[in-house]
Amino acid sequence: MSHQDSHDVVVIGAGASGLAAATALHAAGRDLVALEARDRIGGRLLSAPTSNPERALDLGATWFWDGEERVRALTMLSGIATFDQHLAGDSLLQETTGTRRLTGNLMDTPSRRFTAGSQAIATALAAMLPTESLRLNEPVTAIHMNGQGGLDVLTPTGTVHAEHVVLAVPPALALERIDFGGALPADLVRLARSTPVWMGAVAKVVAHYPRAFWREEGLAGAVFSRTGPLQEIHDMSGPDGEPAALFGFAHARTVRPGFEQAVTAQLARLFGPAAATPAVLHVQDWSAERWTAPSTVRHLADHSLFGHPLYQRPALDGRLHWASTETATDHAGHIEGALAAGARAAQSVLAASSSASDVTSGVTA
Ligand SMILES: Cc1cc2nc3c(=O)[nH]c(=O)nc-3n(C[C@H](O)[C@H](O)[C@H](O)COP(=O)(O)OP(=O)(O)OC[C@H]3O[C@@H](n4cnc5c(N)ncnc54)[C@H](O)[C@@H]3O)c2cc1C
């Protein structure tokens, strides 16, 4: 059934950035709806359950670092359990000529992890919103200026009228999937089409084992590889090694038939025969995710476009506000950047709507 409704604000995308914008706008008393294309929240925060309901394995974002105050504050506020990334042990350097053991962990820097997986960040933010403010399975297909000074946001099931829209989708993806009716300025279109999607061309592989056997050999689980298919590998076990897991990144272009066998063979060469048979091997190819990666994702490489000044200004007569980690001026690419961009977009909506009400009430007249 087709629906038509009106809200002060439509937030497009329920990843960390969209949810951060939505919670800030809701806290400021704005009537909003967040439209999410997928059947789940979190976007690039995606955690696979394990047999322990309180622990999960991250298939998207894994770590946060010192100085990422928004993430830290949210974990404190929402009681999200965190722990230190395991660092102890030696690292490995894998070259075509063989593997060298290097004393100490030369790969990993101190960081923190989310015990229940990073998707807990999205769950915590969504819990601050009224349930009816969040609609799943609602991909936005078009945004049009409606002639009465607002925006019409179209999905396959209906139209939502809004005074303001927060676009919390990677810019290049937004330009590929959403029809703006030619209303965006040419420099903004060029910029958005050229802005990389952080980690969008990467496959993340998580090998879940019965125990962290590499630690028993004094290994940190940290590898830099010049042979692949995994180019870097890290220990991704939970607190006290439970659940036990290693993860690695590969270029998405290497994910072809035979990829899983190539990965387990690489892990066995590095960590011995026990590594050849993980209990579960997750392969998450983000470049194949329709709601993360545009078709151009492998060709977008100019990360200097992250946080570009054009993203800091609203478009479409001051009604379209950019979010997503790619638009952040600090910590772009990280969860921290996604939260910061969402907060900035919410501020931008509040500033625009309060100046509009000042005009209506004659304050600035
Ligand atoms: C493999 C990997 C590892 C990473 N590791 C780390 C890490 O260790 N630490 C860290 O800080 N960061 C890491 N990141 C980055 C981190 O995940 C992102 O910065 C953050 O999750 C981005 O949030 P976002 O809301 O900006 O975008 P997204 O999470 O991409 O959210 C966008 C949302 O919009 C939805 N959407 C898209 N198009 C539409 C549409 N047309 N209509 C409606 N909804 C739409 C999507 O479904 C999605 O839910 C990693 C990312 C990946 C992929």
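Residues numbered from 1 in each chain as written. Predicted model: local features only at pLDDT ≥ 70, side-chain atom pairs only at ≥ 80, totals over all residues. Heavy atoms only, no water.

## Here's the deal with the site of the ligand
Turning to step 1, where the next piece is worked out: Around the ligand, a shell composed of 38 residues is seen, among which Glu36, Arg44, Trp63, Thr325 and Gly333 lie nearest.
Turning to step 2, where the next piece is worked out: One of the side-chain N or O atoms of Glu36 is found 2.5 Å from an oxygen atom in the ligand.
Turning to step 3, where the next piece is worked out: One of the backbone nitrogen or oxygen atoms of Ala37 is found 3.1 Å away from a nitrogen atom of the ligand.
Turning to step 4, where the next piece is worked out: In the complex, the protein chains occlude 99% of the 1000 Å² of accessible area that the ligand would expose alone.
Turning to step 5, where the next piece is worked out: Mapping the ligand onto the cavity grids shows that it belongs to the largest pocket.
Turning to step 6, where the next piece is worked out: Of all the secondary structure elements, the ones that give two or more residues to the shell around the ligand are α1 (16–27) and α8 (335–360). (Near = heavy atom within 4 Å. Polar contact = N/O pair within 3.5 Å; in protein donor to acceptor, adjacent residues only side chain to side chain. Areas by Shrake-Rupley, 256 points an atom, 1.4 Å probe, with all protein chains shown as cover. 1 Å grid on protein atoms, 1.4 Å probe; cavity = no way out; pocket = protein on both sides within 12 Å on 5 of 7 lines; lining within 4 Å. Sits in = over half its atoms within 2 Å of the grid points. Helix = DSSP H or I, 4+ residues; strand = E, 2+ residues; numbered from the N terminus.)

## Looking at unusual backbone geometry
Backbone phi values are negative for most residues with the exception of glycine, while trans is the configuration of most peptide bonds.
Turning to step 1, where the next piece is worked out: Cis geometry marks the peptide bond from Gly228 to Pro229; its omega dihedral reads 5°.
Turning to step 2, where the next piece is worked out: By secondary structure assignment, the location of Pro229 is in the loop between β15 (219–225) and β16 (232–235).
Turning to step 3, where the next piece is worked out: In this structure, the amide linkage connecting Glu242 to the following residue, Pro243, adopts the cis form with an omega of -5°.
Turning to step 4, where the next piece is worked out: With respect to the helices, strands and loops of the structure, Pro243 is situated in the loop between β16 and β17 (244–251).
Turning to step 5, where the next piece is worked out: Its identity as a non-glycine residue notwithstanding, His331 has a phi of 55°, on the positive side.

## Side note on the sheet that holds strand β8 (residues 98–102)
Turning to step 1, where the next piece is worked out: If you walk across this open sheet you meet the seven strands as β8-β7-β15-β16-β17-β14-β18, and the pairing is mixed. Two strands close off the open sheet at either side, each with one partner strand: β8 and β18 (280–285). Going across the sheet, the axis of each strand differs from the next one's by a mean of 20°, ignoring polarity.
Turning to step 2, where the next piece is worked out: Relative to β15, strand β7 (residues 90–95) is paired through four bridges, and the arrangement is parallel. Residue pairing across strands places Leu92 opposite Val223, the latter belonging to β15. (Pairing = 2+ DSSP bridges. Axes fitted to C-alpha atoms, helices over the stretch in contact; angles between N-to-C directions.)

## Things to note about the sheet that holds strand β6 (residues 82–84)
Turning to step 1, where the next piece is worked out: Sheet architecture is open: three strands sit in the order β5-β9-β6, paired in antiparallel fashion. Each end of this open sheet is capped by a strand with a single partner; those strands are β5 (63–64) and β6.
Turning to step 2, where the next piece is worked out: In this structure, β6 lies alongside strand β9 (residues 112–114), joined through three bridges in antiparallel fashion. Within the sheet, the bridge partner assigned to Asp84 lies in β9 and is Arg112.

## What to know about empty space enclosed by the protein
Turning to step 1, where the next piece is worked out: Summed over the entire model, instances satisfying the criterion amount to one cavity of 30 Å³ or more.
Turning to step 2, where the next piece is worked out: Taken as a whole, the largest cavity spans an internal volume of roughly 40 Å³.
Turning to step 3, where the next piece is worked out: Breaking the lining of the largest cavity down by element, the ones donating at least two residues are β4 (56–58) and β9.
Turning to step 4, where the next piece is worked out: Of the residues that constitute the lining of the largest cavity, the class distribution is four nonpolar, two polar and three charged. (Points joined across faces, edges and corners; volume = space filled by probe spheres on them. Nonpolar A, V, L, I, M, F, W, Y, C, P; charged D, E, K, R; others polar.)

## A few points about α1
Turning to step 1, where the next piece is worked out: When the terminal C-alpha atoms of α1 are compared, their 16 Å separation across 12 residues agrees well with the 16 Å that a helix rising 1.5 Å per residue should span.
Turning to step 2, where the next piece is worked out: In terms of burial, α1 is largely enclosed, as nine of its 12 residues are buried.
Turning to step 3, where the next piece is worked out: Phi turns positive, to about 85°, at Gly29, one or two residues after α1. (Expected span 1.5 Å × (residues − 1). Buried < 20%, exposed > 50% of the residue type's maximum accessible area, 1.4 Å probe, protein only.)

## Some points on helix α3 (residues 119–126)
Turning to step 1, where the next piece is worked out: Here α3 lies mainly inside the structure; seven of its eight residues are buried.
Turning to step 2, where the next piece is worked out: Every buried residue of α3 is listed here: Gln119, Ala120, Ile121, Ala122, Ala124, Leu125 and Ala126.

## Notes on the side chain of Thr75
Turning to step 1, where the next piece is worked out: Position of Thr75 relative to the elements: it lies in helix α2 (residues 69–78).
Turning to step 2, where the next piece is worked out: Those residues in contact with Thr75, other than ones at most four positions away along the chain, are Ile80, Thr82, Phe114 and Ile121. (Contact = heavy atoms within 4.5 Å.)

## Considerations on the domain arrangement of the protein chain
Turning to step 1, where the next piece is worked out: Considered domain by domain, the protein chain is made up of domain 1 (1–46 + 118–198 + 293–365) and domain 2 (84–113 + 201–288).
Turning to step 2, where the next piece is worked out: A C-alpha centroid distance of 35 Å is found between domain 1 and domain 2.
Turning to step 3, where the next piece is worked out: At the interface, eight residues of domain 1 touch six residues of domain 2.
Turning to step 4, where the next piece is worked out: Both faces considered, domain 1 and domain 2 share a buried interface measuring about 550 Å² in area, 63% of it formed by carbon and sulfur atoms.
Turning to step 5, where the next piece is worked out: Joining domain 1 to domain 2, the criterion identifies zero salt bridges.
Turning to step 6, where the next piece is worked out: At the junction of domain 1 with domain 2, the criterion picks out one residue pair in polar contact (both at pLDDT 80 or more). (Domains from an automatic or database assignment. Buried area = accessible area lost by both parts, 1.4 Å probe. Salt bridge = Lys/Arg side-chain N within 4 Å of Asp/Glu carboxyl O.)

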